[in-house]
Amino acid sequence: MGQKDVMLLHNLAPWIWNYGGDFLSPDTKEVRFNSCRALDGIKAYFDFVNTYCHHENVLQNYTELTENFMVQGSYCFGIFTPLVYAKYLDPNSASRVQLSQYISCAAMPAGPSGHHTFLGGSNLAISPFSQHPEEAWTFISFLLQQGTQELLCKHSHLPPSLSKCYTPDF
């Protein structure tokens with residue numbers, strides 16, 4: 001596990017939270033990512049990377065290297081979104097049979113303050129400055145319908161927003 005081709009904040013977020021740190025104070029008026037606890041989490045992340053990632057370029061092009069290691073049958077581990085699993089476990093993929101027996105899931109390591117994860121996400125909101133809030137709400141309502149969620153999951157391989165749409169093969 002290194003980092004994606006660009007450093008993303010959500011790579012560090014679980015480690016910061018697992019060590020009791022945070023990014024902002026509860027009232028959002030004070031920066032907290034430089035607190036001792038947050039820095040302990042960041043240190044733990046990079047200690048983990050330095051201990052277990054022994055490929056010279058893992059911090060520069062993590063995603064590409066990790067996927068190549070999987071395809072070549074080499075040992076690797078990574079923190080992935082469902083998109084990678086869908087790519088390699090898709091029943092129509094030539095790589096599926098060869099790789100499916102080697103791929104497994106595990107929880108992120110817990111820290112002194114518990115077990116927290118974050119792998120990104122999307123949110124829908126209507127700006128208070130929108131000139132068409134009713135139309136925006138209509139569009140969001142459409143996106144949240146069961147049929148739309150099922151289609152989005154089928155084509156994006158991302159988990160659904162509605163629990164009733166979740167199936168193991170979404």
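In case you missed it, the structure is sitting above this.
Here the residue numbers are simple positions, counted from 1 along each chain's written sequence. pLDDT decides what is reported in this predicted model: residues at 70 or higher carry local features, side-chain atom pairs at 80 or more are listed and counted, and totals for whole chains, interfaces and linings draw on all residues regardless. With hydrogens and water excluded, all non-hydrogen atoms of the structure serve as input to the side-chain values.

Peer 1: Help me understand the overall build of the chain, please; the structure alone is not making it clear to me.
Peer 2: Check the secondary structure of the chain and you find seven helices and zero strands. Numbering goes from the N terminus for both helices and strands, where a helix is a DSSP run of H or I of at least four residues and a strand is a run of E of at least two. Reading the chain from its N end, one meets helices and strands in the order α-α-α-α-α-α-α. With 170 residues in all, the chain has 24% of them scored as buried. The contacts in the chain between residues at least 6 apart in sequence include a share of 46% that link residues at least 24 apart. Only the protein chains shown count as cover for residues, and the accessible areas themselves come from Shrake-Rupley with a 1.4 Å probe. Only carbon and sulfur atoms are counted for the fraction: they give 57% of the accessible area of the chain, which is about 11,700 Å². Exposure is judged per residue with a 1.4 Å probe applied to protein chains only, and the accessible area is read against the type maximum: over 50% gives exposed, under 20% gives buried, and values in between give partly exposed. Any two residues whose heavy atoms approach within 4.5 Å at even a single point are treated as in contact.

Peer 1: So what exactly am I meant to see when it comes to a nonpolar patch on the surface here?
Peer 2: Nonpolar side chains (Val, Leu, Ile, Met, Phe, Trp, Tyr) are joined into patches within 5 Å and like charges within 9 Å, using only residues with over 30% relative accessible area and no salt bridge. In what follows, salt bridge is the name for a side-chain nitrogen of Lys or Arg lying within 4 Å of a carboxyl oxygen of Asp or Glu. Together, L24, V31 and F33 make up a nonpolar patch on the protein surface, roughly 260 Å² of accessible area in all. For L24, a relative accessible area of 40% corresponds to the partly exposed category.

Peer 1: Just to check I follow, could you spell out the nonpolar core for this structure?
Peer 2: In a soluble, globular protein the nonpolar side chains are often hidden away together inside. In terms of nonpolar packing, the biggest core is built from ten residues, these being L12, A13, W15, I16, F23, A38, A44, Y45, V49 and M108. Elements supplying a minimum of two residues to this core: α1 (9-18) and α2 (36-52). Residues grouped as a nonpolar core are buried Ala, Val, Leu, Ile, Met, Phe, Trp, Tyr and Cys residues, joined through side-chain atoms within 4.5 Å.

Peer 1: Help me out: how do you make sense of α2 in this one?
Peer 2: By this rule, a helix spans an expected 1.5 Å times one less than how many residues it contains. Along its 17 residues, α2 runs 24 Å from first to last C-alpha, staying within 8% of the 24 Å computed at 1.5 Å per residue. Among the residues of α2, A38, G41, A44, Y45 and V49 are the ones counted as buried. Burial along α2 is one-sided: seen end-on, the buried residues are contained in an arc of 130°. In α2, the exposed positions angled more than 90 degrees off the buried face are occupied by C36, K43 and N50. In the core, the buried residues of α2 are packed alongside α1. Each C-beta atom gives one direction from the helix axis, and the arc is the one those directions make.

Peer 1: Honestly, unusual backbone geometry in this entry has me stumped. Any pointers?
Peer 2: Phi is mostly negative for residues that are not glycine, and the peptide bonds are mostly trans. Positive phi, close to 60°, is recorded for T28, a residue that is not glycine. For T28, a relative accessible area of 55% corresponds to the exposed category.

Peer 1: Mind showing me how you'd approach the packing of aromatic side chains here?
Peer 2: We describe a pair of aromatic rings using the distance from one ring centre to the other and the angle between the two ring planes. Two aromatic rings, drawn from Phe, Tyr or Trp (for Trp, its six-membered ring), form a pair once their centres lie within 6.5 Å of each other, and the interplanar angle then sorts them: stacked below 30 degrees, edge-to-face above 60, tilted otherwise. Enumeration over the complete set of coordinates arrives at four aromatic pairs. Ring centres of W15 and F48 lie 5.4 Å apart, and the angle between their planes is 40°; on these two criteria the pair is classed as tilted. In this pair, W15 sits in helix α1 while F48 sits in helix α2, placing the two residues 33 residues apart along the sequence. Among the aromatic side chains, those forming a connected cluster through ring pairs are W15, Y45, F46 and F48.

Peer 1: Looking at this model, I keep getting lost on the side chain of N18. Mind explaining?
Peer 2: Relative to the assigned elements, N18 resides in helix α1. Looking at N18, its side chain comes within polar contact range of the main-chain oxygen of P109, at 2.9 Å. Excluding anything up to four places from it in sequence, N18 contacts P109, A110, G111, P112, S113, G114, H115 and H116. Here a polar contact means two N or O atoms within 3.5 Å. Within protein one must be a hydrogen donor candidate and the other an acceptor candidate, and residues neighboring in sequence count only if both atoms are side-chain atoms.

Peer 1: Could you clarify how one ought to interpret the environment of C153 in this entry?
Peer 2: With respect to the secondary-structure elements, C153 resides in helix α7 (residues 146-156). Sequence spacing of C153 and C165 is twelve residues, and the spatial spacing of their C-alpha atoms is 8.7 Å.

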